[in-house]
Amino acid sequence: MPLNDIARSITSRLNLTIAQRNSLALLSVCLAALMFSLEISSVPVILPTMESILHSDFKDIQRIMNAYTIACVSVLMATGTLADRFGRKRVFLISTALFALASLLCGLAWNTPLLIASRVFQGASGGAMLICLVSVLSHQFPQGAERSRAFSIWGIILGIGLGFGPLIGGMIVSMADWRWVFWVHVLIAALTFFLAAIAVQESYD
């Protein structure tokens with residue numbers, strides 16, 4: 001059974017109103033934005049720990065950071081085209097699932113080259129996920145006041161991820177293993193995927 005048919009079946013059984021679906025869709029978009037921004041700002045805090053455990057040097061640390069941002073930027077245009085053609089919801093769901101897988105691999109990495117490769121994968125899927133968010137919000141909230149509110153909330157959450165990422169990363173390292181800075185996104189991505197599957201409306205060019 002196609003994913004959209006499964007989502008429609010679940011939605012009908014939950015008997016969600018339009019307002020409830022929009023709220024859940026906004027929550028899924030905000031969670032995706034939070035994951036994306038946290039991966040930019042929380043990782044620098046754990047770099048000294050990874051440098052010691054993975055026996056990396058300064059150049060390796062630079063590559064770990066740059067791999068995410070470079071891969072993210074490189075997929076934006078192509079992903080936008082694919083989303084217009086095959087559906088923004090579908091591409092959003094696929095990229096969210098891939099982001100979860102990439103985050104899992106980052107946490108499982110036992111050496112620097114594998115971590116760098118996983119970060120490239122994570123950055124590419126994160127960029128693909130990010131480029132869908134604006135289109136999803138625009139289609140889900142077509143009216144002026146409602147759209148402004150949705151974009152305002154999305155922007156605030158994105159800013160929270162960027163601003164509080166170092167604090168969150170430091171707290172995770174102090175209370176648990178550095179790998180949980182990546183693994184926490186697997187759990188968030190699973191929730192994001194479920195919410196998006198049942199609440200986000202499909203849209204094309």
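This text goes with the structure placed above it.
Just so we're clear, the structure is a prediction, and the values are computed from it rather than from any experiment.

A. Quick look at the nonpolar core. Ranked by internal contacts, the top residues of the largest apolar core, which has 34 residues, are Met35, Phe92, Met129, Leu133, Leu137 and Trp154. What Phe92 contacts, discounting residues up to four positions off in sequence, is Ser28, Ala32, Met129, Cys132, Leu133, Thr192 and Ala196. Formed by 17 residues, the second largest nonpolar core is a distinct cluster that contains Val43, Cys106, Ala109 and Trp178.

B. Summary view of a nonpolar patch on the surface. A cluster of nonpolar side chains, Ile156, Ile160, Phe164, Leu167, Ile168, Met171 and Met175, forms an exposed patch at the surface whose accessible area comes to about 680 Å². In this structure, Ile156 sits in helix α8 (residues 144–175).

C. How the structure looks around helix α7 (residues 112–140). Its 29 residues place the ends of α7 41 Å apart at the C-alpha level, agreeing with the 42 Å of an ideal helix rising 1.5 Å per residue. Capping the start of α7, Asn111 holds a side-chain oxygen 2.9 Å from the backbone nitrogen of Leu114, two or three residues further along.

D. Structural detail: the packing of aromatic side chains. Using the criterion set out here, one finds four aromatic pairs in the structure. On the numbers, 6.0 Å between centres and 40° between planes, the contact of Phe36 with Tyr68 is tilted. Of this pair, Phe36 sits in helix α2 (residues 18–41) while Tyr68 sits in helix α4 (residues 58–74), and the two are 32 residues apart along the sequence. With respect to class, Phe36 is no different from Tyr68; both count as buried.

E. Spotlight on the pattern of salt bridges. Scanning all chains against the criterion turns up four salt bridges. Here Glu39 and Arg119 are joined by a salt bridge, their closest N and O atoms 2.8 Å apart. Placement of Glu39 in helix α2 and of Arg119 in helix α7 is noted, with a sequence separation of 80 residues between them. The exposure class assigned to Arg119 is buried, which follows from its relative accessible area of 0%. In this structure, the salt-bridge partner of Arg179 is Asp177, at a minimum N-O distance of 3.8 Å.

Conventions adopted
- As a convention, each chain's residues are numbered from 1 in the sequence order in which they are written.
- Selection of residues for local features in this predicted model requires a pLDDT of at least 70, selection of side-chain atom pairs for listing and counting requires 80 or more, and totals for whole chains, interfaces and linings are taken over all residues.
- Excluding hydrogens and water, the side-chain values take into account all heavy atoms of the structure.
- Buried Ala, Val, Leu, Ile, Met, Phe, Trp, Tyr and Cys residues that are joined via side-chain atoms within 4.5 Å together make up what is termed a nonpolar core.
- Under the scheme applied here, a residue whose accessible area is under 20% of the maximum for its type counts as buried, over 50% as exposed, and between as partly exposed, the area being computed with a 1.4 Å probe on protein chains only.
- Any pair of residues with heavy atoms lying within 4.5 Å of one another is described as a contacting pair.
- Put simply, a patch holds well-exposed residues, over 30% relative accessible area, that have no salt bridge, with like charges counted together within 9 Å and Val, Leu, Ile, Met, Phe, Trp or Tyr side chains within 5 Å.
- Computed with the Shrake-Rupley method and a 1.4 Å probe, the accessible areas treat only the protein chains shown as cover for residues.
- Here, a salt bridge means any side-chain nitrogen of Lys or Arg that lies within 4 Å of a carboxyl oxygen of Asp or Glu.
- Helix and strand labels come from DSSP, where a helix needs a run of H or I of at least four residues and a strand needs a run of E of at least two; each type is numbered from the N terminus.
- Under the convention used throughout, the expected extent of a helix is 1.5 Å for every residue step, that is, one less than its residue count.
- In protein, a polar contact requires one atom able to donate a hydrogen and another able to accept it; more generally it is a pair of N or O atoms within 3.5 Å, and residues adjacent in sequence count only if both atoms are side-chain atoms.
- Pairing of aromatic rings covers Phe, Tyr and the six-membered ring of Trp, with a centre-to-centre limit of 6.5 Å; geometry is then stacked below 30 degrees between planes, edge-to-face above 60, and tilted otherwise.

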